[in-house]
Amino acid sequence: MFPPLQNDTFLRACLRQATDYTPVWLMRQAGRFLPEYRATRAKAGSFMGLATNVDFATEVTLQPVDRYPLDAAILFSDILTVPDAMGLGLTFAEGEGPRFATPVRDEAAVARLEVPDMSKLRYVFDAVTSIRKALGGRVPLIGFSGSPWTLACYMVEGAGSDDYRLVKTMLYQRPDLLHRILAINADAVATYLNAQIEAGAQAVMIFDSWGGVLADAAFHTFGLAYTARVLAQLKREHEGAIIPRIVFTKGGGMWLDAMGQLDCEVLGLDWTVNLGKARAQVGEHGPRAKALQGNMDPNALFANPDQIKAEAIAVLNSFGRPHMDRSQTGPTHIFNLGHGVSQFTPTENVEALVRAVHAHSRSMRTAQV
């Protein structure tokens, strides 16, 4: 159904297989820093008009791949499509973040929640198939969702938050309600990601954007446990291909040992984590060893191209000697930022970054031959 894959470097790195260079893609690579994205967004009329239109979603997903020699594409969508399909009324006002018309804050609202009918998200699955065809096998396509905890934050708060007061009040005062929300979210996210895989996604990523705001014990109980519940339900293979599963927790560096026990292939790291130490901790050897993804500070992209190159090299060097034995698996690194690309990033600086990663990571390998 789909053209054969021409560049499998990203997928090989996800599976801890040796590659000729370190693959690179960027969170939010299809987004507001690109002038072509802003033009398409204007045509769509609104963010949801963009995300729910298969042709527009396909167009903006391909824009960064057309512009830069990236090693993966990521579906253009939003992490909050699942609670929107639950009937909470997702909107994006100009210049503001997401907002739900019907937040979930009491027993009655929680009781009404259920795993949504996936036909309400058909636009996402149709976009995945459309993008996969449009890519023509150039690079793999990543599907994604928000984590159960991150979705719960938005569902209870009704929007983004600085202090998470409402969702944390529920956590401490009515943990039974929060556990019910998280259980429904986990099962919904798993169903949603499996449908993306069936539609053509070649890897899937769980964005636990707000895991790092939890207290230590709460992270294990309300964050990690429900991410694990999602992972346990995900397809491991589709049409003969292994589907790598990536988990990214912003602010999760202190829980690397626990995250290393997750049943996934890749851990995404933010910029507060030392890659070399993370590699020794969870990415080196053993049946639970993980490929690592990350983790340059997105604000480094506001420096000049020479400094950006130096920062990219520093990240690659912090991971250390690349795995080169094609007869077995070993430590691998996927270059990314520690969070999404800022909308104010100069486009030429992303070009400098991608080329620096490819060039230096190749030289790291040839120097060892």
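Residues numbered from 1 in each chain as written. Predicted model: local features only at pLDDT ≥ 70, side-chain atom pairs only at ≥ 80, totals over all residues. Heavy atoms only, no water.

*Asks:* Tell me about the overall build of the protein chain, residues and numbers included.
*Replies:* What the protein chain contains, in helices and strands, is 15 helices and eleven strands. For the protein chain, the C-alpha radius of gyration of 20 Å lies close to 21 Å, the compact-globule estimate for 369 residues. Its C-alpha atoms put the protein chain at 65 × 45 × 45 Å along the principal axes. Looking at the protein chain as a whole, 58% of its 369 residues qualify as buried. Excluding contacts between residues fewer than 6 apart, the proportion of contacts in the protein chain whose partners are at least 24 apart in sequence is 76%. A total accessible area of about 14,600 Å² is found for the protein chain, and carbon and sulfur atoms account for 50% of it. Looking at the protein chain, you have 35 positive and 37 negative side-chain charges, and the mean spots of the two groups are 2 Å apart. (Helix = DSSP H or I, 4+ residues; strand = E, 2+ residues; numbered from the N terminus. Rg over C-alpha atoms; globule rule 2.2 N^0.38 Å. Buried < 20%, exposed > 50% of the residue type's maximum accessible area, 1.4 Å probe, protein only. Contact = heavy atoms within 4.5 Å. Areas by Shrake-Rupley, 256 points an atom, 1.4 Å probe, with all protein chains shown as cover. Lys, Arg positive; Asp, Glu negative; His and termini not counted. Charge placed at Lys NZ, Arg CZ, Asp CG, Glu CD.)

*Asks:* So what's going on with the sheet that holds strand β10 (residues 291-296)? Which residues, and what values?
*Replies:* Strand order in the open sheet made by the seven strands is β1-β4-β5-β8-β9-β10-β11, with parallel pairing throughout. Because the sheet does not close on itself, it has two edges, and the strands there are β1 (73-74) and β11 (333-337). In terms of strand pairing, β10 meets β11 through five bridges, oriented parallel. If you follow Q293 over to β11, its bridge partner there is I334. Packed on one face of the sheet, helix α10 (residues 175-199) meets β4 (141-146) and β5 (203-208) and runs near 165 degrees to β4. (Pairing = 2+ DSSP bridges. Axes fitted to C-alpha atoms, helices over the stretch in contact; angles between N-to-C directions.)

*Asks:* Describe the pairing of β11, and please don't skip the residues or the numbers.
*Replies:* Of all the five residues making up β11, five are buried; the element is thus mostly covered by neighbouring parts of the structure. Residues of β11 alternate between two faces, with H333, F335 and L337 on one and I334 and N336 on the opposite face, all of them buried. In this view, the connection linking β10 to its parallel neighbour β11 by way of helix α14 (residues 305-319) has right-handed handedness. (Right-handed = clockwise from strand over helix to strand, strands pointing away.)

*Asks:* Any details on the nonpolar core? Residues and values, ideally.
*Replies:* Among the nonpolar cores identified, the biggest contains 132 residues, and F10 and L353 are the most heavily contacted of them. For this core, the leading source of residues is α10, giving 15 residues. When neighbours within four sequence positions are excluded, F10 is seen to be in contact with P23, W25, D71, A72, P140, I142, A203, I246, Q293 and I334. (Core = buried A, V, L, I, M, F, W, Y, C linked by side-chain atoms within 4.5 Å.)

*Asks:* Account for helix α2 (residues 35-44), with residues named and values stated.
*Replies:* Along α2, the positions that sit buried rather than exposed are Y37, T40, R41 and A44. Looking straight down α2, one finds that the buried residues subtend no more than 105 degrees of arc, so they occupy a single side. Summarising the geometry of α2, the exposed residues directed more than 90 degrees from the buried face are A42 and K43. Summarising the contacts, the buried residues of α2 are in contact with α3 (47-51) and α4 (54-67). Backbone geometry just after α2 places G45 at a positive phi near 90 degrees. (Arc of directions from axis to C-beta.)

*Asks:* So what's going on with the packing of helix α13 (residues 275-283) against α14? Which residues, and what values?
*Replies:* Between α13 and α14, the least distance of the axes is 6 Å, while the angle of their chain directions is 25 degrees. Between α13 and α14, the interaxial angle falls into the category roughly parallel. Of the two elements, α13 crosses α14, and the hand of that crossing is right-handed. Across the interface between the two elements, L275, G276 and R279 of α13 pack against V315, S318 and F319 of α14. (Parallel < 35°, antiparallel > 145°, perpendicular 65-115°, else oblique. Left-handed = near helix turned anticlockwise from the far one by under 90°.)

*Asks:* Describe in detail the environment of R132, supporting the description with residues and values.
*Replies:* Relative to the helices and strands, R132 resides in helix α7 (residues 122-135). On a C-alpha basis, the gap between R132 and Q202 in space is 9.1 Å, while along the polypeptide they are 70 residues apart. Contact partners of R132, with chain neighbours within four places excluded, come to F2, P3, L141, G200 and Q202.

*Asks:* Kindly report on the pattern of salt bridges, identifying the contributing residues and their values.
*Replies:* Applying the stated criterion across every chain, the model contains 14 salt bridges. We note a salt bridge from E198 to K235, for which the minimum N-O separation is 3.3 Å. A residue pair is termed long-range when its members are at least 10 positions apart, and E198 in helix α10 and K235 in the loop between α11 (216-233) and β6 (237-238) qualify at 37 residues. Judged by its relative accessible area of 46%, E198 falls in the partly exposed class. For K235, a relative accessible area of 28% translates into the label partly exposed. Between R245 and E265 there is a salt bridge; the shortest N-O distance is 2.8 Å. One end of the pair, R245, is in strand β8 (residues 245-249); the other, E265, is in the loop between α12 (256-259) and β9 (266-268), with 20 residues separating them in the sequence. There is no split in this pair, since R245 and E265 are both buried. Among the ionic contacts, a cluster of salt bridges with common partners joins R236, R245, D263 and E265. (Salt bridge = Lys/Arg side-chain N within 4 Å of Asp/Glu carboxyl O.)

*Asks:* Please give an account of the side chain of T58 that cites residues and values.
*Replies:* The residue T58 is located in helix α4 in this model. Residue classification places T58 among the buried residues on the basis of a relative accessible area of 9%. Contact partners of T58, with chain neighbours within four places excluded, come to A127, S130, I131 and A134.

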